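Tertiary structure, described
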Amino acid sequence: GNSVTQMEGPVTLSEEAFLTINCTYTATGYPSLFWYVQYPGEGLQLLLKATKADDKGSNKGFEATYRKETTSFHLEKGSVQVSDSAVYFCALSDPYSGAGSYQLTFGKGTKLSVIP
Amino acid sequence: DAMVIQNPRYQVTQFGKPVTLSCSQTLNHNVMYWYQQKSSQAPKLLFHYYDKDFNNEADTPDNFQSRRPNTSFCFLDIRSPGLGDAAMYLCATSRDQGQGYEQYFGPGTRLTVT
């Protein structure tokens, strides 16, 4: 079945540091890949997505590239801010997985804390 | 702005007392989902509607029911809440199902069971 593995958190960084959150996946078909962000006490917001190999998703200074050869979708940001403190979820949607094709398969989430 | 709205944001209920959570959307999306998210965990899909077609996840307890009276509204009914049902409940929508259709989430309802 499908699965998503994220790096364990929590991650604590100083403001303006470089961020990488690793994400690898297992899928039966050709999934779409997503990063969602959840701020404290809020629902999930779509941060970025990529639907095919070598696509790069980007938003608000965050980037992730769909790497089919390494089955990865690592999230990066060059300079984090205190306001980026949140939980980040990597997810996939695999339309070729049959009955469950509508499902988002989530990683466990990585909590990021950015300190001034 | 088009959005997904959940009411109430915080709900307290007593053990065994039925409770209903509501979700509405102005996106005119075909698909609506209900997720349960416990502390420090990923969201877990409970069920979804594609238009009026209801799809239950195999491991969703019978205690959880859902209704979708029209395109815009969807309700989650918990018939007899237990202490283990305390969680954040997230509603989400997507325009369709398939490649690249992302889900849009509401802010969630935090359920406390006393």
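Model, not experiment: these values are computed from the prediction.

Digging into the overall build of chain A
When helices and strands are counted, chain A shows zero helices and twelve strands. Each helix and strand of chain A, placed in order from N terminus to C terminus, yields the pattern β-β-β-β-β-β-β-β-β-β-β-β. Relative to a compact globule of 116 residues, whose C-alpha radius of gyration would be 13 Å, chain A shows 14 Å and is just as compact. Dimensions of chain A along its principal axes, counting C-alpha atoms only, are 45 × 30 × 20 Å. The long-range fraction of contacts in chain A, counting pairs at least 24 apart against all pairs at least 6 apart in sequence, stands at 59%. Carbon and sulfur atoms provide 48% of the accessible area of chain A, an area that totals close to 5,400 Å². Distance from the positive charge centre (9 side chains) to the negative charge centre (11 side chains) of chain A: 4 Å.

Observations concerning the interface of chain B and chain A
With 23 residues of chain B at the contact, the number on the chain A side is 22 residues. For the pair chain B and chain A, the summed buried area comes to about 1,700 Å², and 52% of that belongs to carbon and sulfur atoms. Counting the contacts that link chain B with chain A gives two salt bridges. Here chain B and chain A share five residue pairs in polar contact (both at pLDDT 80 or more) between them. Residue assignment for the side of chain B that touches chain A shows that the elements contributing at least two residues are strand E4 (31–37), strand E5 (44–50) and strand E9 (87–94) of chain B. No other element matches E4 of chain B, which puts three residues into the side of chain B that touches chain A. Split by residue class, the side of chain B that touches chain A holds ten nonpolar, ten polar and three charged.

What counts, and at which threshold
- Residues numbered from 1 in each chain as written.
- Chains lettered and ligands numbered in written order.
- Predicted model: local features only at pLDDT ≥ 70, side-chain atom pairs only at ≥ 80, totals over all residues.
- Heavy atoms only, no water.
- Helix = DSSP H or I, 4+ residues; strand = E, 2+ residues; numbered from the N terminus.
- Rg over C-alpha atoms; globule rule 2.2 N^0.38 Å.
- Contact = heavy atoms within 4.5 Å.
- Areas by Shrake-Rupley, 256 points an atom, 1.4 Å probe, with all protein chains shown as cover.
- Lys, Arg positive; Asp, Glu negative; His and termini not counted.
- Charge placed at Lys NZ, Arg CZ, Asp CG, Glu CD.
- Buried area = accessible area lost by both parts, 1.4 Å probe.
- Salt bridge = Lys/Arg side-chain N within 4 Å of Asp/Glu carboxyl O.
- Polar contact = N/O pair within 3.5 Å; in protein donor to acceptor, adjacent residues only side chain to side chain.
- Nonpolar A, V, L, I, M, F, W, Y, C, P; charged D, E, K, R; others polar.

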